[in-house]
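So the chains spell out like this:
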Amino acid sequence: MSAIEAAAPTRSAASVQRHETLHVLARSKTFLAGATIVGFWVLCAIFQARFFQDPNALSVHQLASPSGSHWFGTDRNGRDTFARVIAGARDILEIAPAATLLGTVLGTALGLVMGYFRGIVDDVLGRLVDAVLSLPVVIVALLAIVSVGPSKQTTILVVGFVFTPLIARTVRSAVLSERELEYVSAAQLRNERAPYILFAEILPNVLQPVIVEFTVRLGYAVFTVATLSFLGFGIPPPSPDWGVQVADHYGFLSGGFAVWPVLFPSLAIASLVIGVSLLADGIAQGFDG
Amino acid sequence: MREAISETAGEPPASAAALEVGELDVAYRVRGVNRQVLRSLSFTIAAGESYGLVGESGCGKSTAALAAVRYLPRNGRVLGGSVSIAGRDLLAMHGEELRRTRASDVSMVYQDPGRALNPSIQVGRQVAEVYEIAGAKGGEARAQAEQMLRKVQIADPGSVMRRYPHQLSGGMQQRIVIAMALASNPALLILDEPTTGLDATVEAEVLDLVATLRQEFSSSVLFISHNLGVISKMCDRVGVLYAGKLVEEGDAETVFNDPHHPYTVGLLRCLPRGGQRKDHGRLDTIPGFLPVPGADLPGCVFAERCAFADDRCRTEPPPPVDVGGGHTSRCWYHEKAQSLPRDTPSELPEVASPVTAGRPVLRAGAVSKTYRQAGSDVHALAGVTLEILAGETLGLVGESGSGKTTFARCLLGITAPDEGSTLELDDQPLAATTGKRSGEQVRAIQIVFQNPDSALNRRHTVRRIIGRALTKLAGLKGDAREQRLQELTRSVKLAERFLSVRPSSLSGGLKQRVAIARAFAGNPKLVVCDEPTSALDVSVQATILNLLADLQRDQQVSYLFISHDLGVVRYLSDRIAVLYLGRLMEVAAAEVVFAAPHHPYTEALLSAVPTIEGGDRPRIKLEGDIPSAADPPSGCVFHTRCPRRLGAICDEQEPPLAEVEPGHLLRCHIPIDDLRTMQSGSQPAPA
Amino acid sequence: MARFILRRLGLAVITLWLISVLVFCSIQLLPGNVGRSILGPLASPQAVAALNHKLGTDKPALTQYREWVTGVVKGDFGTSQKLQVPVRPQLTAALRHSFELALIAFLVVVPLSLIGGTIAALRVGTAVDRGITTAGLSLSAVPEFVTGVVLIAVLGIWLNVLPISAAWEPGAGPWTQFTHLLMPAIALSCVLFGYIARMARAGMVEALDSDYVRTAILKGLPHRTVIRRHAMRNALLPTITVIATQLGYLIGGLVVVEILFNYQGIGRLIYNAAQAHDVPMLEGGAIVVGGVYLLATLIADVLYSLLNPRIRHQAAE
């Protein structure tokens, strides 16, 4: 017991905790690798229009192999795959963070309420959360998008709502252990109102799991949005979105020709999701100390 | 190769010490830096000897224990020195040799038996395993395990063997761990805080058991504890550890009665002993804080906090000096250690004596609390009627599960008592929950929690924590609030610079001061102190007790003081109430409770406490564990464990809580005079 | 124990009912006119109204819901609007196909990920651990269609060792069927590998750091016994629950994989129904998927409590 205590950072050193977390992040290879990859794609999304050619420009060569003029070849319509891969970062980097943010905000509020009030509130909301979580995310999204039709806004809303119960469940369990701590009793003993206890007392203490959850979900949001696009229920064409590109061209794989317009967007998706996951993992480890 | 190993691992020299630790340096690697936690630690445990290692948290006691079995945490390193068990060098051993040494020569008993046992394996199997390692076959090993369980005084070993750890009480779990440890008949038995976390009566049983078995197994013992009383009861020799260094060592009785190191002297003075009370004088304290692990301490490790310290102390480490009879002290000024000046003046300020004593500030009438649990009713409290007088401290004692905390929570309105319970504050009825009480009533009853780490919001600054309480409880704003904040922090002796930090930057004692300031923000009439010092080290405990006593003298506040430490309760309390299974067993002035005649349960509680002064008084043993509150015994709830049970009347009829002497309430069928006669043999416990 | 199972069963039924409400609401109450969406924007209002009447979608929502749920309880999922055949036989056939695929994926991934996670935990902090952890993390982050496409490109086209479609010729033997299913199964497994290996590693690391493993080591038990008897069981118990909850992801993944590899499973059925706005088929598919998921978590709960004495005794009390 005291062996562990002695091994832990000393109490007085804990005041520099935040500083140390940044320090750990700066030294974490996982985090740095993730940050580099994600940073690269963010830069692509921002500066694509200024430095690269129009992703919708047509050329006469269709399904061309990589060459000096078309580094990644061209697609079925003769559009430059390289330009489209660079431009494809844009939509997904707007939609995924927006959806995750929406889900995190709603989920955190829901989780706080469920964890703090427990009882009937928790039971009823808990059943609802269970019900939503019993259906695969993709299927819930399909159901909703079928009703309203695909668009960027729909995708944000749908993915955000689908993530809400997931995040709520994490926050709820953090709140459940937090509310047993005596500082909450102390607040109740000053007749604090529930919103003050929830948002001023408890929320700051569950912020860490919320941040970790946000980054983890961000990776999964990229995953989901790309999948929805691939299924034709996400970002509508002619967006150069990667999922759309793969969906448009994977039929050409079977003949053994035109691997490029499928492979490069696929690798782009893979690199982005892996980057976000590494980032999330690095942050989670940084908090764990 | 195997031959060679068994050769070296063969018969040790007959006179070998059970454990020999020599110049051991151990460090933990934290964020790439080695932080030294043991500083050339040396001690020897002779065959058959019982050696105690005592010190405050973070001094390296547990590290020493783990190093003795070569099982340091992953980031732990042995930087130098040696560890030998039964004459064989542990640090030089190969894997297989080390395993065999652990299997046969050394065993360990841990602080938290519930976690030391595998949750998914029947306990009998876990004990039998030890015999299997020694070569016994399945059925044979089980039979031996059953035999061993009988030796640790488990009444029904056959059925206990088939249970899982979570089905056993803490005391039973620890018996199983002890059985497991002794099953290999080891040369050395290490006990690392084996009774911390157990109730006093259970602790006493476990200690008795260890003492008995030690005779039978003739093992040497390394006993590690922060509790000076336990060490003094259990050990022949003792080493006092401070910042990873052995500062004093010698015969247990000599060290505690004639200490020669300023740290030992200070530590002993921090303890309320020999019936010392708050009106006799303040407890002494040790100034400053423990050095952080790995701190650079070129001279004497205690120099920073020592009143004698001079330049030599700060630069030159003192060698161990023999002060006679194998008693050594690492102090340049060991000969004058006992004349160490006090850190806290003992004198109390002259104040008008509380004339208000006698007027009840709070009245609890037949307070009951029943929980529904797994389909049955659990009576956590059953009809507790109690008054707390203005300006007094009412001590509330009892084992875990006795309802102490439930009672406090009912007073505070965190838990609503059952219908029919009444609470009155200053003769005004008090609603069941905080939300329904008037602002005046809410601020009048506040609490200081046991664990300041969880009682303070770790994301808020000290200023915000106290300031918010002032806003909500005292209704103060702006400058008035700021002014009161300053006053309040001064009154709890908290330096102003701490106002802007978060609790994580404060030591345990400072955190508890913040919690006290918060409780006092609205000038309360009654403050519940729920084990406020049990998470603190002895030297810090004294400062908090002094502070509580000072605040009470200045502000005429009443305390409901809950504690399992009878010495602490006695120091602070004017009256004491004894709870058992949710029922009051005895209520009386503190000195009356501590002196015979008292309730048989009180008697057992008092006799269970190991003290430094010695253990010549007879132990009143309690049979078994506390019964479940879901199914309390018929008649007197204590009859199942009562050593002085009269007969059928106790089993069938619950005695009333009667006033047997003026101001002395007792719930017992035995007439007071008979109790007096029975208990005259055992003198009042000098807790 | 029986009470515990009954309670869980009751909760599952309530959840299933909520799923039915959710599914029904999201499809029927959100804006959109079924007749219109089937017939397209050029159809006449009369034709749309007639179709709506025929399908019953002009009735009040509550009546429609009642009729649908009564049907489902009786095992009647209605008639497919697009295919004009009863939904139920379609569902059962698709479910059986998907089950075969999922089973292969599970048989591949569960042992691999448990072993991987355990090895990483036993070598915690080393290069082996970092390799397995990072690989798992990366694999679980990549969407199935990406893994699938890469697998097709590498195994199916460049190396040409496995068929790129899950649909086999009629009359193909079991081995041929298996080879057709292997690539989609691998694509499905990749995501799961990361999750399960991660849980297994975390559980194992926790167990190895636990006090009871310390007790076992200091008893002088041989290393293998400590791992096998004391650490493994406690470490891998929580993983059971994870495996069951991952079933949800697995079914989600089925949608993608079945489309990519052209396989007639439940995922593809739901996807086709969604594209065709075939409401009865879509509703039936969704409710069946929810039911399967609930059943899996129920089995996991029961299994977990059977293997965990602490919960087993609580449940018995």
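Please read these numbers as outputs of a predicted model, since none were measured by experiment.

**Description of the confidence of the model for chain A**
A low pLDDT score tells you not to read the predicted coordinates there in detail.
Residues and elements named next belong to chain A.
Here is step 1 of the chain: Taken over all residues, the pLDDT of chain A has a mean of 82, while the share at 70 or more is 89%.
Here is step 2 of the chain: Helix α9 (residues 182–188) holds the highest mean pLDDT among the elements of chain A, 94, whereas helix α1 (residues 2–7) holds the lowest, 34.
Here is step 3 of the chain: Counting contacts from residues 1–16, a segment whose pLDDT is below 50, to residues more than four positions away or on other chains yields 39 contacts.

**Some points on the nonpolar core**
Here is step 1 of the chain: Ala141 and Val222 of chain A, Val127, Leu222, Leu411 and Leu560 of chain B together with Ile270 of chain C are the most contacted members of the largest nonpolar core, which has 389 residues in total.
Here is step 2 of the chain: In terms of residue count, the dominant contributor to this core is helix α8 (residues 174–208) of chain C (18 residues).
Here is step 3 of the chain: Those residues in contact with Leu560 of chain B that sit more than four places away from it in its chain are Ile388, Leu394, Leu396, Ala408, Leu411, Leu526, Val528 and Cys529 of chain B.

**Remarks on the sheet that holds strand β5 (residues 88–89) of chain B**
Residues and elements named next belong to chain B.
Here is step 1 of the chain: Strand order across the open sheet formed by four strands is β2-β1-β4-β5, with antiparallel pairing between neighbours. Every interior strand has two partners, whereas the edge strands, β2 (33–45) and β5, have only one.
Here is step 2 of the chain: Bridge count for strand β4 (residues 76–85) against β5 is two bridges, and the pairing is antiparallel. Along β5, the bridge assignment pairs Ile85 with Arg88.

**Quick word on unusual backbone geometry**
Residues and elements named next belong to chain B.
Here is step 1 of the chain: One non-glycine residue, Arg70, lies in the positive phi region at around 55°.
Here is step 2 of the chain: If you trace the backbone, Arg70 turns up in the loop between α2 (61–68) and β4.
Here is step 3 of the chain: Look at Glu193: it is not a glycine, yet its phi comes out positive at around 45°.
Here is step 4 of the chain: Looking at the element boundaries, Glu193 is found in the loop between β7 (188–192) and α9 (200–217).

**With respect to the packing of helix α5 (residues 87–122) of chain C against helix α6 (residues 127–141) of chain C**
Residue and element names in this part refer to chain C.
Here is step 1 of the chain: Following both chains from N to C, one finds α5 and α6 inclined at 140°, their axes separated by 8 Å at the closest point. By the criterion of interaxial angle, the relationship of α5 to α6 is oblique. The handedness of the crossing between α5 and α6 comes out as left-handed. Residues Gly116, Ile119 and Ala120 of α5 pack against Val128, Asp129, Ile132, Thr133 and Gly136 of α6.
Here is step 2 of the chain: For the contact of α5 with α6, a count of residues per class yields four nonpolar, three polar and one charged.

**Quick word on the pairing of strand β21 (residues 575–580) of chain B**
All names here are of chain B.
Here is step 1 of the chain: Counting buried residues along β21, six of its six residues qualify, which places the element largely inside the surrounding structure.
Here is step 2 of the chain: Going residue by residue along β21, you find Arg575, Ala577 and Leu579 tucked away on one face and Ile576, Val578 and Tyr580 tucked away on the opposite face as well.
Here is step 3 of the chain: Across four bridges, the pairing between strand β15 (residues 393–397) and β21 is parallel. Of the residues in β21, the one forming a bridge with Gly395 is Ile576.

**A closer look at helix α5 (residues 123–133) of chain B**
Because the α-helix completes a turn every 3.6 residues, residues three or four places apart line up on one side.
Residue and element names in this part refer to chain B.
Here is step 1 of the chain: Here α5 lies mainly inside the structure; nine of its 11 residues are buried.
Here is step 2 of the chain: Listed in full, the buried residues belonging to α5 are Val123, Gly124, Gln126, Val127, Ala128, Glu129, Val130, Tyr131 and Ile133.
Here is step 3 of the chain: Residues of α5 that are buried make contact with α3 (95–104), α6 (138–151), α7 (157–161) and α8 (170–182).
Here is step 4 of the chain: Positive backbone phi, at 115°, marks Gly135, one or two positions downstream of α5.

**Quick notes on the environment of Val149 of chain C**
Here is step 1 of the chain: Turning to its location among the elements, Val149 of chain C is positioned in helix α7 (residues 144–158).
Here is step 2 of the chain: For Val149 of chain C, a count of 27 C-beta atoms within 10 Å gives the class buried.
Here is step 3 of the chain: In this structure the C-alpha to C-alpha distance between Val149 of chain C and Ile266 of chain C, which are 117 residues apart in sequence, comes to 21 Å.
Here is step 4 of the chain: The residues touching Val149 of chain C, leaving out its near neighbours within four places in the chain, are Val246, Tyr250, Val262 and Ser266 of chain A.

Parameters and conventions
- Residues numbered from 1 in each chain as written.
- Chains lettered and ligands numbered in written order.
- Predicted model: local features only at pLDDT ≥ 70, side-chain atom pairs only at ≥ 80, totals over all residues.
- pLDDT = per-residue confidence, 0-100.
- Helix = DSSP H or I, 4+ residues; strand = E, 2+ residues; numbered from the N terminus.
- Contact = placed C-beta atoms within 7 Å.
- Core = buried A, V, L, I, M, F, W, Y, C linked by C-beta atoms within 7 Å.
- Buried ≥ 20, exposed ≤ 12 C-beta atoms within 10 Å, placed from the backbone.
- Pairing = 2+ DSSP bridges.
- Axes fitted to C-alpha atoms, helices over the stretch in contact; angles between N-to-C directions.
- Parallel < 35°, antiparallel > 145°, perpendicular 65-115°, else oblique.
- Left-handed = near helix turned anticlockwise from the far one by under 90°.
- Nonpolar A, V, L, I, M, F, W, Y, C, P; charged D, E, K, R; others polar.

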